[in-house]
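Descriptive analysis of the structure
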Amino acid sequence: NPNFRDYVIPGPLDLPPIKSILVEPVDPNGPFGAKGIGEPALNPAPAAVANAIYDALGIRITALPITPQKILQALKKREG
Amino acid sequence: MKVKVHLRVNGSAYEVEIEPRRTLLELIRDDLELNGTKEGCGLGECGTCTVLLDGRPIKSCITLAVQADGREVTTIEGIEGDDGTLHPIQQAFIDHGAIQCGFCTPGMVLSAKGLLDENPRPTELEVREAIAGNLCRCTGYQKIVEAILSASSK
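Since the structure is predicted, the reported quantities are computational estimates derived from the model, not experimental observations.

Before going further, it helps to spend a moment on the overall build of chain B. When its secondary structure is counted, chain B shows five helices and five strands. In sequence order, the secondary structure elements of chain B are arranged as β-β-α-β-β-β-α-α-α-α. Here chain B has a C-alpha radius of gyration of 15 Å; the compact-globule value for 154 residues is 15 Å, and the two agree. Considered along the principal axes of its C-alpha atoms, chain B spans approximately 50 × 30 × 25 Å. Burial analysis of chain B (154 residues in total) assigns 45% to the buried set. In chain B, of all internal contacts separated by at least 6 residues, the share reaching a separation of at least 24 is 54%. Accessible surface for chain B amounts to roughly 7600 Å². Of this, 46% is attributable to carbon and sulfur atoms. Charge centroids of chain B, computed over 16 positive and 23 negative side chains, lie 3 Å from each other.

On to helix 3 (residues 68–79) of chain A, then. Along an α-helix, residues three or four positions apart point the same way, because every turn accommodates 3.6 residues. Relative to the 16 Å expected for twelve residues at 1.5 Å per residue, helix 3 of chain A spans 17 Å between its end C-alpha atoms, a close match to the ideal helical length. Across the twelve residues of helix 3 of chain A, one count as buried, placing the element largely on the outside.

This part is about the packing of aromatic side chains. By the definition in use, this model includes zero aromatic pairs over all chains. Geometry around A:Tyr54 places A:Arg60 over its ring, the cationic atom sitting 4.6 Å from the centre.

Moving on, we get to the side chain of B:Ser60. Residue and element names in this part refer to chain B. The residue Ser60 is located in the loop between strand 4 (56–59) and strand 5 (72–74) in this model. According to the relative accessible area criterion, Ser60 is buried, its value standing at 0%. In terms of polar contacts, Ser60 uses its side chain to reach the backbone carbonyl oxygen of Cys49, at 2.7 Å. Once residues within four sequence positions are removed from consideration, Ser60 is found in contact with Thr23, Leu24, Leu25, Ile28, Thr37, Cys49 and Val51.

Residues and elements named next belong to chain B. Core analysis: the biggest nonpolar cluster contains 26 residues, and Ile89, Phe93, Met108, Ile144 and Ile148 have the highest contact counts within it. Of all the elements in the fold, those that place two or more residues in this core are helix 2 (88–95), helix 3 (105–118) and helix 5 (142–152). Among the elements that line this core, the one with the most residues is helix 3, at six residues. Those residues within four positions of Ile148 in sequence are excluded, and the remaining contacts are Phe93, Ala112, Leu116, Val127 and Ile131. Grouped together as the second largest cluster of nonpolar side chains are 15 residues, Val9, Leu24, Leu34 and Val51 included.

Among the surface-exposed residues, B:Glu77, B:Glu80, B:Asp82 and B:Asp83 lie close enough to one another that they form a single negatively charged patch. You can see B:Glu80 is positioned in the loop between strand 5 and helix 2.

The next thing to look at is the interface of chain A and chain B. With 13 residues of chain A at the interface, the matching set in chain B holds 16 residues. Surface buried jointly by chain A and chain B totals about 1300 Å² across both partners, of which 69% is contributed by carbon and sulfur atoms. Summed over the shared surface of chain A and chain B, the result is three residue pairs in polar contact (both at pLDDT 80 or more). Broken down by class, the residue content of the side of chain A that touches chain B amounts to ten nonpolar, two polar and one charged.

Reading the values: rules and limits
- Residues numbered from 1 in each chain as written.
- Chains lettered and ligands numbered in written order.
- Predicted model: local features only at pLDDT ≥ 70, side-chain atom pairs only at ≥ 80, totals over all residues.
- Heavy atoms only, no water.
- Helix = DSSP H or I, 4+ residues; strand = E, 2+ residues; numbered from the N terminus.
- Rg over C-alpha atoms; globule rule 2.2 N^0.38 Å.
- Buried < 20%, exposed > 50% of the residue type's maximum accessible area, 1.4 Å probe, protein only.
- Contact = heavy atoms within 4.5 Å.
- Areas by Shrake-Rupley, 256 points an atom, 1.4 Å probe, with all protein chains shown as cover.
- Lys, Arg positive; Asp, Glu negative; His and termini not counted.
- Charge placed at Lys NZ, Arg CZ, Asp CG, Glu CD.
- Expected span 1.5 Å × (residues − 1).
- Phe/Tyr/Trp six-rings, centres within 6.5 Å; stacked < 30°, edge-to-face > 60°.
- Lys NZ or Arg CZ within 6 Å of the ring centre and 35° of its normal.
- Polar contact = N/O pair within 3.5 Å; in protein donor to acceptor, adjacent residues only side chain to side chain.
- Core = buried A, V, L, I, M, F, W, Y, C linked by side-chain atoms within 4.5 Å.
- Patch = residues over 30% accessible without salt bridge, like charges linked within 9 Å, V, L, I, M, F, W, Y side chains within 5 Å.
- Salt bridge = Lys/Arg side-chain N within 4 Å of Asp/Glu carboxyl O.
- Buried area = accessible area lost by both parts, 1.4 Å probe.
- Nonpolar A, V, L, I, M, F, W, Y, C, P; charged D, E, K, R; others polar.

And the structure:
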């Protein structure tokens, strides 16, 4: 899918309003007070999505990717 | 077999002789050497090729050059003042941090100009709809929307 029609990226109507906040206090655990912004910024997103699913449906998915099939299976398992 | 096309670009008249299949983007970038307009996808999906045709935003990569015959094209190079002062929309993009890599910016600015020339006080939703055909990978659109809204109140 090497084109924008099939590899769909978010457009202006897809994203919510974003507010940026600068967090300035020093990280006591980081080297010289530094905070990572690569992996530490990336990791919480899937966890937040998994928590949102748990909040909405009461089911815990603990492996990525979270697919419709996994959710339907978990819902069926809970009913059965 | 070539055809003659007469068009105005950024206020200047041009007469060119081109193959009928030539796109307006090819004419702008290759024949007129106005490189502010970009080719991001060539398929009309990304909007980096956006120019104004008789004041309305269009995607030049999927527009034939012959469609501009007798009409007025405005590219990003054409919106600054005669003394080189930036257009208020361009200045707003700078002031609001709406530019990162800058590749989407010419298209964004022209889509915004197309909107504001027609609707001087748009809502945020109207702004987002006006730039819906312009993709940006860098900014998440927030500051672009803020810049356009800020330019609209001037």
